[in-house]
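# Survey of secondary and tertiary structure
So you can see what is in the structure, the chains are spelled out below.
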Amino acid sequence: MSDSHHEESFWRKYIFSTDHKVIGIQYGITALLFLFLGFSLMMVMRWQLAYPDTAVPIVGSLVKWLADLNGFASDGNLPADLYNVFGAMHGTIMIFLGVVPIIVGAFGNYLVPLQIGAPDMAFPKLNMASYWVYFVGGVVMLVSFFLPGGAANSGWTAYPPLSDIATTGQTYWLIGMVFLITSSLLGSMNIIVTIVQLRAEGMTWMRLPFFVWSQLVTSFLLVLAFPPLEAAGIFQLMDRVFGTSFFLPSGLVIGGEILKVSGGGSPLLWQHLFWFLAHPEVYVLILPGMGILAEVIANNTRKPIWGYKSLVYSATFLGFMSFLVWAHHMFLTGMGQGMSVFFQTTTMIISVPSVIILTCFMLSLWGGSIRFTTPMLFALGWMPMFGIGGLTGLPLGLSTPDIHLHDTYYVIGHFHYVVAPGTIFAIFAGIYYWFPKMTGKMLNETLGKVHFYFSFIFMNGLFWPMLIQGLGGVSRRLSDGGASYAHAQEFLHWNVVMSYSAWLLAVAQIPFIYNLIKTLLADKSPNPDPNPWNATTVEWTDTTSPPLGHGNFEKTPVVHRGPYEYSVPGESTDFTPQTQN
Amino acid sequence: MIESLGSISKYLGLPINSSSHGHMIDNMIGWVHWLMILLFIGWGAYLIITVIKFNSKNNPKANYNGVQSHYSQYAEYGVIVFEAFLLIGLSIPLYSQLKTSLPNNNEVHHVRVIAQQFAWNIHYPGDDGKFGDTDINLVDEESNPIGLVRDGNGADDIVTINQMHLPVNQQVMIHLSSKDVIHSFGIPEMRIKQDAIPGMTIPFFFTPTMTTDDFLQKINGTKREGKGYEIACAQLCGNSHYRMKGYVTIDTEEKYNSWLVEQAEYIEEEEDDDW
Ligand code: HEM
Ligand SMILES: [Cu+2]
Ligand SMILES: [Cu+2]
């Protein structure tokens, strides 16, 4: 099963590859570029928020060029129309083109077969298709920036009627989303079948690394939650292109003109279908991150994860419950008492497994012999940050406080604490941790630490003031950062703090990018250590030294024990591989 | 006790409260933040202790078994009990009080608010206390933005754009709808917010407790000086969403009534223009 005997052409090997590792890396590189783009849009927006209607420095002429192309008026500043485009595309790109592809497409693809001892994914060609469908979706989204009227501008939530009457960019957004959803469906089916069918001998369910569990639950969420959004997306497309009225009620008057449609539709139907996906989606964003964390924590505390079974049950329960909380995003749409009681209750219930997971991670530290490696620093930073993200969800999930906090910056602060110093930190931890597996080279630890500490500081400088502004009642999605509203006056100075934090956060990524490039270009040691972290799981212990050939394993692994057997009393080393007899 | 512990909300930077129910929301926000602060301090302290105590330098050999005690379980039960209290003890009853203890019809000022890109149309029933009909075919952005039928009940109706006047200490019931896209009607100081959904009319109510004059006094010397109550749009509704604001004036009853009289005179003047 080692390297295939004939030489594969460059195209087969690196571009249209069916090897899950190559596809994983393709996903990883593409998604990192999209994350960078999403972040860049936000850096421009942060200028407008801090210094409304003044010309953007450095990239002002680029902004003006794009605005001209889209037909918006700009003197190098970011006009409101383009701000809305950037805002909607920041959210879309970050979630659907950045985080999900990297955390499921890249990490899931690369690691799941290796961790369960499989030679590849169950359907390698489907896997290749899922990447290329994602790629096309990304291209469609990118192209839409250059249309007259710009890309989509109705928020990543695309609420009709606004989105139904928006410029052409919204049509491209919907088409792009159909591709992205299809890609996710192909990918997640593949992961489910792979985990169910291709586990190595002895790899029973309760011996799976928690990362694999997290991917399994995540894939189920994607498979079950995306189809309703895909259907809704097609309805919206029909509303826009064929004049149907799925989401348009009768009697709309837009800009003084009666909208000539048959009407009779419901704008709230979209919200239900959208959030039926989008709430599970937030667990798609965070669960695989938790999976990464479990691996990194066990390895760097040199002891088993505390409460492995609680983790597995909590993640499964979380996945199940995540289908029953969607309308907590809709408390203020005029829903009845019964509905709001139901959704508040389910929301409080779902907070329990999240608390249990966080507790398990923190208790895992107790009694450990903690190595402060870069991946571990990111994992440790994750805990209080995810804590803030989770805790700030409580007042939003209860309908009474939500009256004040709904659609304010408190919401933006809340979910960014979950996804930015949450998921993104987990992604960084994963990159530093598995980089030597992918390339045979260790990333520089000093640069890694600089990267961590500065990211940690500026993430907080960026997201904490959002909570303050939100409590003050400042709405989200305001293209002047609140300058027009009386109640926001006392909070405007925070916009400047946040913007500088955002730009400095970008600076803090330079050591990371430099580290990546420098390490990749460095000469490879002739025989790199296949298991530099002294880890227990199969991907470290049973593979050859990197790069791994197609097929992964010289000899099919046989598993004898659980995933986190570190510091087992009586053993000679402090790690006992899963495959050790 | 609910009040006193809830009063932590004073330190959370909420806007000055100017409605009769606002303190309930504030207390609730305060209570949730107690739970959040306690948990966060607990976690933080624990994390700091563990990373020092179990640093590989201080503890070169890891303990396979780790935590054996049950304290964490008790803490989890504690969280569950606290959350159950927030839910069952506070949020559900407060919300039902805020949404369903509908005011007695006779003493309530009814006002229709029709949102549109990017303005708030405020519709008062006039002397007869009855709202006139509306017809989308009559909509004219210049002269009749809500398409009001100007006879029958509508003859004396008052319609303003971005100017909402209300009497202090009297219950107000707002009937909210939208002409075009989804907006959200929020007055942060009144602790009210309600999405405006086209095709639906959603009622909600509150009682302002501070006149604009008193409020302006209170904010003297702050960065907000001179800027009174506003309706703020809280739901993205297009390119001018960021400045879709309406001005709210809370007056004493006399001033409010004389404002109504003044507005009624405008209707007559307008009609004179037409004929
Ligand atoms: C780390 C750098 C980031 C910065 C500086 C940032 C900043 C912001 C800001 C200021 C907003 C509010 C815009 C507004 O209300 O007008 C926003 C919205 C949003 N962000 Fe981020 N964000 C970052 C990362 C992320 C990540 C990693 C994700 C998701 C995985 C994300 C997803 C979103 C979404 C979904 C929205 C809502 C967009 C909408 O209103 O439609 N952001 N971001
Ligand atoms: Cu949700
Ligand atoms: Cu609006």
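In short, a report on the structure. (Residues numbered from 1 in each chain as written. Chains lettered and ligands numbered in written order. Predicted model: local features only at pLDDT ≥ 70, side-chain atom pairs only at ≥ 80, totals over all residues. Heavy atoms only, no water.)

### Some points on the pattern of salt bridges
Residues and elements named next belong to chain A. Under the convention used in this document: Think of a salt bridge as a Lys or Arg side-chain nitrogen and an Asp or Glu carboxyl oxygen that are within 4 Å of each other. Helix numbering and strand numbering both begin at the N terminus, where a helix is a DSSP run of H or I of at least 4 residues and a strand a DSSP run of E of at least 2.
The full count for this structure, using the stated rule, is 10 salt bridges over all chains. Between Lys449 and Glu445 there is a salt bridge, with its nearest N and O atoms 3.8 Å apart. Residue Lys449 and its partner Glu445 are both found in helix 15 (residues 445-471); the two are separated by four residues, about one turn of the helix.

### Section: the coordination of the iron atom of ligand 1
Residue and element names in this part refer to chain A. Under the convention used in this document: Listed donors are limited to N, O and S atoms within 2.8 Å of the metal, widened to 3.2 Å for Na, K and Ca; water is not among them, so incomplete-looking sites are possible. In short, tetrahedral needs four donors with all angles between 85 and 135 degrees, square planar needs four and octahedral six donors with opposite donors over 155 degrees apart and all other angles between 65 and 115, and whatever is left is irregular.
Surrounding the iron atom of ligand 1 are the protein donor atoms His90 (NE2) and His416 (NE2), which sit 1.9 to 2.0 Å from the metal. Seen from the iron atom of ligand 1, its six donor atoms lie at angles of 86 to 178 degrees, and the figure they make is octahedral. You can see His90 sitting in helix 4 (residues 80-116) and its partner His416 sitting in helix 14 (residues 409-439), a full 326 residues away along the chain.

### Things to note about the interface of chain B and chain A
The parts lose accessible area when they come together, and the size of an interface is often stated as this lost area. This is how it is decided: By definition in these notes, contact holds between two residues if any of their heavy atoms fall within 4.5 Å. The term buried area denotes the loss of accessible surface (1.4 Å probe radius) that occurs when two parts are joined, taken as the sum for both partners.
Between chain B and chain A, the contact holds 85 residues from the first and 95 residues from the second. Here chain B and chain A share an interface that buries about 7900 Å² over both sides, 67% of which is from carbon and sulfur atoms. Among the residues chain B hides against chain A, the three largest losses belong to Tyr64(B), Tyr95(B) and Tyr242(B). Together they make up 11% of the total. Counting every contact that joins chain B to chain A gives zero salt bridges.

### Comments concerning the coordination of the copper ion (ligand 3)
Residues and elements named next belong to chain B. The cut-off we apply is this: Each residue gets one of three labels from its accessible area relative to the maximum for its type: buried under 20%, exposed over 50%, partly exposed in between, using a 1.4 Å probe on protein chains only.
Distances from the copper ion (ligand 3) to its protein donors, His183 (ND1), Cys233 (SG), Cys237 (SG) and Met244 (SD), fall at 2.2 to 2.4 Å. Geometry at the copper ion (ligand 3) is tetrahedral, judged from its four donor atoms and the angles of 90 to 123 degrees they form at the metal. Here the donor residues of the copper ion (ligand 3) share one chain and are spaced in sequence as H-x49-C-x3-C-x6-M. You can see His183 sitting in strand 6 (residues 183-187) and its partner Met244 sitting in the loop between strand 9 (230-233) and strand 10 (245-251), a full 61 residues away along the chain. Met244 sits in the buried class, given a relative accessible area of 0%.

### Focus: the sheet that holds strand 2 (residues 119-124) of chain B
Residue and element names in this part refer to chain B. This is how it is decided: The pairing criterion is simple: DSSP has to find at least two bridges between the two strands. Axis angles are defined between N-to-C directions and span 0 to 180 degrees, where every axis is a line fitted to C-alpha atoms and, for a helix, only to the segment in contact.
Across the sheet, five strands lie side by side as 3-2-1-5-8; this open sheet has mixed pairing. Two strands in the sheet have a free side with no partner beyond their single neighbour: strand 3 (158-161) and strand 8 (202-206). In this sheet, neighbouring strand axes are inclined to one another by 25 degrees on average, regardless of whether the strands run parallel or antiparallel. Pairing between strand 5 (residues 172-178) and strand 8: five bridges, direction antiparallel. Its bridge partner being in strand 8, Val172 is matched across the sheet by Phe206.

### Remarks on the sheet that holds strand 9 of chain B
Residues and elements named next belong to chain B. Here five strands make up an open sheet; going across it, the order is 4-10-9-6-7 and the pairing mixed. Either end of the sheet is taken by a strand with one partner, and the two such strands are strand 4 (163-167) and strand 7 (192-196). On average, each strand axis in the sheet is inclined to that of its neighbour by 25 degrees, with strand direction left out of account.

### Overview of the packing of helix 2 (residues 20-50) of chain A against helix 16 (residues 492-508) of chain A
All names here are of chain A. Spelled out, the test is: An angle below 35 degrees is treated as roughly parallel, one above 145 as roughly antiparallel, one from 65 to 115 as roughly perpendicular, and anything else as oblique. Each helix crossing is assigned a hand: it is left-handed if the near helix lies turned anticlockwise from the far helix by less than a right angle, otherwise right-handed if that turn is clockwise. Think of it as three bins: nonpolar holds Ala, Val, Leu, Ile, Met, Phe, Trp, Tyr, Cys and Pro, charged holds Asp, Glu, Lys and Arg, and polar takes everything else, Gly as well.
Closest axis-to-axis distance for the helix 2/helix 16 pair is 9 Å, and the angle between their directions is 155 degrees. As far as their axial angle goes, helix 16 and helix 2 are roughly antiparallel. Here the hand of the crossing between helix 2 and helix 16 comes out left-handed. Residues Phe39, Met43, Arg46, Trp47, Leu49 and Ala50 of helix 2 touch helix 16, and the partners they reach there are Asn495, Val496, Met498, Ser499, Ala502, Trp503, Leu505 and Ala506. Its residues assigned to classes, the contact of helix 2 with helix 16 shows 11 nonpolar, two polar and one charged.

### As for the pairing of strand 5 of chain B
Residues and elements named next belong to chain B. In terms of residue burial, strand 5 counts as a mostly covered element, since seven of its seven residues are buried. Of the two faces of strand 5, the one holding Val172, Ile174, Leu176 and Ser178 and the one holding Met173, His175 and Ser177 are both buried throughout. Taken together, the seven bridges between strand 1 (residues 109-116) and strand 5 define a ladder with parallel strand orientation. Bridge pairing in strand 5 places Val113 opposite Leu176.

### Concerning the layout of surface pockets
All names here are of chain A. Rules: The definitions used throughout rest on a 1 Å grid laid over the protein atoms alone, on which a cavity is an enclosed set of points accommodating a 1.4 Å probe that cannot get out and a pocket is an open set flanked by protein within 12 Å on both sides along at least five of seven lines; lining residues are those having an atom within 4 Å of a point. Grid points are joined across faces, edges and corners, and a volume is the space filled by probe spheres set on the points.
The volume enclosed by the second largest pocket comes to roughly 570 Å³. Ser40, Val44, Val59, Leu62 and Val63 are the residues nearest the centre of the second largest pocket, which is lined by 19 residues in total. By residue number, the principal contributor to the lining of the second largest pocket is helix 2, which donates six residues. The residue inventory of the lining of the second largest pocket, partitioned by class, reads 18 nonpolar, one polar and no charged.

### A few points about the site of ligand 1
Residues and elements named next belong to chain A. Here is the rule: The nearness test applies per residue and asks whether one of its heavy atoms lies within 4 Å of the molecule or strand. In protein, a polar contact requires one atom able to donate a hydrogen and another able to accept it; more generally it is a pair of N or O atoms within 3.5 Å, and residues adjacent in sequence count only if both atoms are side-chain atoms. How far each domain reaches was decided by an automatic or database domain assignment.
Within the structure, ligand 1 sits among 24 residues, and Tyr83, His90, Trp156, His416 and Arg477 are positioned closest to it. One of the side-chain N or O atoms of Tyr83 is found 2.4 Å from an oxygen atom in ligand 1. Within the side chain of His416, an N or O atom sits 2.7 Å from a nitrogen atom of ligand 1. The element contributing the most residues to the shell around ligand 1 is helix 4, with seven residues. Residue composition of the shell around ligand 1, by class: 16 nonpolar, five polar and three charged. A domain-level breakdown of the shell around ligand 1 finds at least three residues from each of domain 1 (20-208) and domain 2 (371-522).

### With respect to helix 16 of chain A
Because an α-helix packs 3.6 residues into every turn, residues spaced three or four apart end up facing the same way. Condition: Expected helix span is taken as 1.5 Å per residue step, with the number of steps being one fewer than the number of residues.
Here helix 16 of chain A contains 17 residues, and its C-alpha end-to-end distance of 25 Å stays within 8% of the 24 Å for a straight helix at 1.5 Å per residue. Where helix 16 of chain A is buried, its residues touch helix 2, helix 15 and helix 17 (510-521) of chain A.

### Digging into a nonpolar patch on the surface
Residue and element names in this part refer to chain A. To keep things clear, this is the line we draw: A patch consists of residues exposed above 30% relative accessible area that lack any salt bridge, with like charges linked at up to 9 Å and nonpolar side chains (Val, Leu, Ile, Met, Phe, Trp, Tyr) linked at up to 5 Å. Computed with a 1.4 Å probe, the accessible areas rest on the Shrake-Rupley method; for each residue, only the protein chains presented here act as cover.
Together, Tyr500, Leu504, Val507, Ile510 and Tyr514 line one region of the surface with nonpolar side chains, adding up to about 480 Å² of accessible area. Of all the secondary-structure elements, those providing two or more residues to the nonpolar patch are helix 16 and helix 17. Here the nonpolar patch takes three residues from helix 16, the largest share from any one element. Among the secondary structure elements, Val507 is positioned in helix 16. A relative accessible area of 46% means that Val507 is categorised as partly exposed.

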